[in-house]
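Chain and residue survey
Residue-level listing of the chains:
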Amino acid sequence: MLSGARGAMVSPLPRRRAALTRSLDSFRVVLVEPTHPGNIGATARAMKTMGLTDLALVRPAEHLASEAYARAAGADDILEGARVCATVEEALVGASLVVGTSARRRRNGEDALPVRRLAAVAAAEPGEASVAVLFGTERVGLSNEDLARCRHHMVIPTDPAFWSLNLASAVQIVCYELRMAVTEARPLVTKHADEPASAEELDYFFEHLFAALTDLGFFLPGQENRPHLELRFRRMFTRMAPDKYDMGMLRGWLTRIQQAVGTRGSRRPGGSSEAP
Ligand code: SAH
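Rules used throughout
Residues numbered from 1 in each chain as written. Predicted model: local features only at pLDDT ≥ 70, side-chain atom pairs only at ≥ 80, totals over all residues. Heavy atoms only, no water. Helix = DSSP H or I, 4+ residues; strand = E, 2+ residues; numbered from the N terminus. Buried < 20%, exposed > 50% of the residue type's maximum accessible area, 1.4 Å probe, protein only. Contact = heavy atoms within 4.5 Å. Pairing = 2+ DSSP bridges. Near = heavy atom within 4 Å. Polar contact = N/O pair within 3.5 Å; in protein donor to acceptor, adjacent residues only side chain to side chain. Areas by Shrake-Rupley, 256 points an atom, 1.4 Å probe, with all protein chains shown as cover. 1 Å grid on protein atoms, 1.4 Å probe; cavity = no way out; pocket = protein on both sides within 12 Å on 5 of 7 lines; lining within 4 Å. Sits in = over half its atoms within 2 Å of the grid points. Nonpolar A, V, L, I, M, F, W, Y, C, P; charged D, E, K, R; others polar. Salt bridge = Lys/Arg side-chain N within 4 Å of Asp/Glu carboxyl O.

Looking now at the overall build of the protein chain. Secondary structure summary: the protein chain contains 11 helices and 9 strands in total. Among the 276 residues that make up the protein chain, the fraction classed as buried is 49%. Nonlocal contacts in the protein chain, meaning residues at least 24 apart in sequence, comprise 82% of its contacts between residues at least 6 apart.

Further remarks concern the sheet that holds strand 3 (residues 83–85). Taken in spatial order, the 7 strands line up as 3-2-1-8-4-9-7 in an open sheet, and their pairing is parallel. Here the strands that pair on one side only, and so sit at the sheet edges, are strand 3 and strand 7 (113–114). With 5 bridges connecting them, strand 4 (residues 95–101) and strand 8 (residues 130–135) associate as parallel partners. In the strand pairing of strand 8, Ala95 is matched with Ser130.

Take the site of the ligand next. Taken together, 22 residues are adjacent to the ligand, and Thr101, Arg139, Ile156, Trp163 and Leu165 come closest. Take Thr101: an N or O atom from its side chain is 2.5 Å from an oxygen atom of the ligand. Here Ile156 contributes a backbone N or O atom positioned 2.8 Å from a nitrogen atom of the ligand. Protein burial of the ligand: of its 550 Å² of free accessible surface, 94% is covered by the chains. Here the ligand occupies the largest pocket. Taken together, the elements giving at least two residues each to the shell around the ligand come down to strand 9 (152–155) and helix 8 (167–183). Taken together, the residues that form the shell around the ligand break down as 11 nonpolar, 7 polar and 4 charged.

Bringing the environment of Arg179 into the picture now. Position of Arg179 relative to the elements: it lies in helix 8. Accessibility expressed as a relative area gives 28% for Arg179, which makes it partly exposed. For the pair formed by Arg179 and Met47, sequence separation is 132 residues and the distance between their alpha carbons is 9.9 Å. Contacts of Arg179, omitting those with residues within four sequence positions, involve Leu24, Met50 and Gly51.

This brings us to the pattern of salt bridges. What the rule picks out here adds up to 11 salt bridges. Two residues, Arg59 and Glu33, come together in a salt bridge whose shortest N-O distance is 2.7 Å. Pair noted here: Arg59 is in the loop between strand 2 (54–58) and helix 3 (66–72) and Glu33 is in the loop between strand 1 (27–32) and helix 2 (37–50), with a separation of 26 residues, a long-range link. Accessibility expressed as a relative area gives 41% for Arg59, which makes it partly exposed. Judged by its relative accessible area of 31%, Glu33 falls in the partly exposed class. Shared partners join several salt bridges into a network, and the residues in it are Glu89, Asp146, Arg149, Asp203 and Arg234.

Structure, rendered in structure tokens:
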């Protein structure tokens, strides 16, 4: 059954995307709580100069303020076309690879990849879903929760004594590197046979995982370190870059666990994936 369902894996034909890179409009810039309209305008300008178009703003400052238009310097279409979202989840709908930018090289014990390497990885991400790059709020950057959603962390290498760039400057460098990665594309071999899982599918999986762990008694009521453990689980599975088939397999596995402990099917967030 497994090999049948996974027939595409042994196909001698390369996947359509395998030897191609992405188009620039499949990259999404996500600003999480940008507090200066000027930075939002300058972000629109940075994107437009590099040919990116997809901008999402999570709980932004007034993004159509005159300061934003002034700094957009004509990139009004990007600014006005920006999607304003209430949550990071909403901004990630339709994305598979999610990358978090951080001014710090090591965060939560994880190494961030330098932007040039990450741009090559992003350009090689297979499938039709978007690649989203998250940028943090000016004063404190991305939260640990937001970083835990990211398969990779990316850093722009700087002088070690002075490492924090202006938000829009960071966006400019990332967009430039993405453009270079796409335009200087070499044939790439991808490790996925199936489409990568989307951010929503990952969220459903985590909901399901945490429900199953509760049913199992791994999480106990009022357990203090639960948020910490949930973050660690999120990071671990996100690092694995699961594809859609992997998600179905893991969801099926969780459902069987719930059946075995007697909570059969009672909590199956997102419900659509079936056990393979
Ligand atoms: N004080 C914050 C920095 C926030 S700067 C901190 O210590 O993390 C605002 C945002 O700009 C960051 O969240 C990140 O998205 C981006 N940024 C700034 N400098 C960067 C760098 N060197 N590498 C990658 N992203 C950077």
